[in-house]
Amino acid sequence: MRNRPIPGSSGRVRAMRLLGDPVLHAPCEAVTDFGPDLASLVEDLFATMYAARGVGLAACQIGVAQRVFVYDCPDDEDVRHLGHLVNPRLTEADGIVLRGPEGCLSLPGVEAGTERFDRAVVEGFTLDGAPVRVEGTGFFARCLQHECDHLAGTVYTDRLTGWRKARALRAGRRVPGALTG
Ligand SMILES: [Zn+2]
């Protein structure tokens, strides 16, 4: 039995913004209006994330420059984490640094080994304005750091150097429409 609707079921699948789109490369604005538009933004984010088979999606990836992201992501123990965060702040990132495969819905079909902390804590709000603290390890910690980066205008390829960066950007160029310039 479930007493709440499935996330995204009332949302609309929006066009994915791709690497090179200016909205992905500038910091997002803090949310100040916790009204119905915010609830429908969260629904659209879930609908778009599920349609693209992603594990996380930031609002700027659908062209909305606001500090919101959603996630439905397993950790390394296969525990599922599902939720959304408004005005999140990465308050802790520690543990060992691991280089693991990372991809992004804004650079489809590409993966690159990216260094991330093994543990992360993000504090923010729900769409009702209630404070929330989310802690993650392993792959979920990676997801939290990746989505917080998006809200700061950073894409994971910005964290790559040398041949890993060159290869990821080269692979991205082969995806039709993936790079605008
Ligand atoms: Zn991404």
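Residues numbered from 1 in each chain as written. Predicted model: local features only at pLDDT ≥ 70, side-chain atom pairs only at ≥ 80, totals over all residues.

*Asks:* I'd like a description of the UniProt feature "active site" (unreviewed entry) in the protein chain, backed by residues and values.
*Replies:* Feature annotation in UniProt assigns "active site" (unreviewed entry) to the following positions: Glu147. Positionally, glutamate 147 belongs in helix α2 (residues 138-151). Excluding anything up to four places from it in sequence, glutamate 147 contacts Gly56, Ala58, Phe69 and Tyr71. (UniProt positions renumbered as here; feature names shortened; annotations may be inferred. Helix = DSSP H or I, 4+ residues; strand = E, 2+ residues; numbered from the N terminus. Contact = placed C-beta atoms within 7 Å.)

*Asks:* Could you give an account of the pairing of strand β4 (residues 107-125), with specific residues and numbers?
*Replies:* One ladder, built from 14 bridges, connects strand β3 (residues 80-104) with β4; its direction is antiparallel. Paired with valine 86 across the two strands is phenylalanine 125, which belongs to β4. Hairpin connection, β3 to β4: the antiparallel pair is bridged by two residues. Where β4 and strand β5 (residues 131-137) come together, seven bridges link them in antiparallel fashion. Each residue of the ladder has a partner; that of alanine 120, found in β5, is glycine 136. Hairpin connection, β4 to β5: the antiparallel pair is bridged by five residues, and glycine 129 has positive phi, about 90°. (Pairing = 2+ DSSP bridges.)

*Asks:* I'd like a rundown of the sheet that holds β4, residues and numbers included.
*Replies:* The sheet built from five strands is open, its strands ordered β1-β2-β3-β4-β5 with antiparallel pairing. Here the strands that pair on one side only, and so sit at the sheet edges, are β1 (56-58) and β5. Within this sheet the neighbouring strands show an average axis-to-axis angle of 40°, counted without direction. Sheet topology places β1 next to strand β2 (residues 68-74); three bridges connect them, and they run antiparallel. Note on β2: the bridge partner recorded for glycine 56 is tyrosine 71. (Axes fitted to C-alpha atoms, helices over the stretch in contact; angles between N-to-C directions.)

*Asks:* Which residues make up unusual backbone geometry, and what values do they have?
*Replies:* Its identity is not glycine, yet aspartate 78 carries a phi of approximately 65°, on the positive side. Tracing the backbone shows aspartate 78 in the loop between β2 and β3. The class for aspartate 78 is exposed, based on 8 C-beta atoms found within 10 Å. Its identity is not glycine, yet asparagine 87 carries a phi of approximately 50°, on the positive side. (Buried ≥ 20, exposed ≤ 12 C-beta atoms within 10 Å, placed from the backbone.)

*Asks:* Describe the nonpolar core, with residues and values.
*Replies:* Nonpolar side chains in soluble globular proteins tend to end up buried together. Counting 40 residues, the largest nonpolar core has Leu45, Ala59, Val68, Phe69 and Val70 as its most contacted members. Where this core is concerned, the elements lending two or more residues are α1 (36-51), β1, β2, β3, β4 and α2. In contact with phenylalanine 69, other than residues within four places in its own chain, are Gly56, Leu57, Ala58, Ala59, His84, Leu85, Pro88, Glu147, His150 and Leu151. (Core = buried A, V, L, I, M, F, W, Y, C linked by C-beta atoms within 7 Å.)

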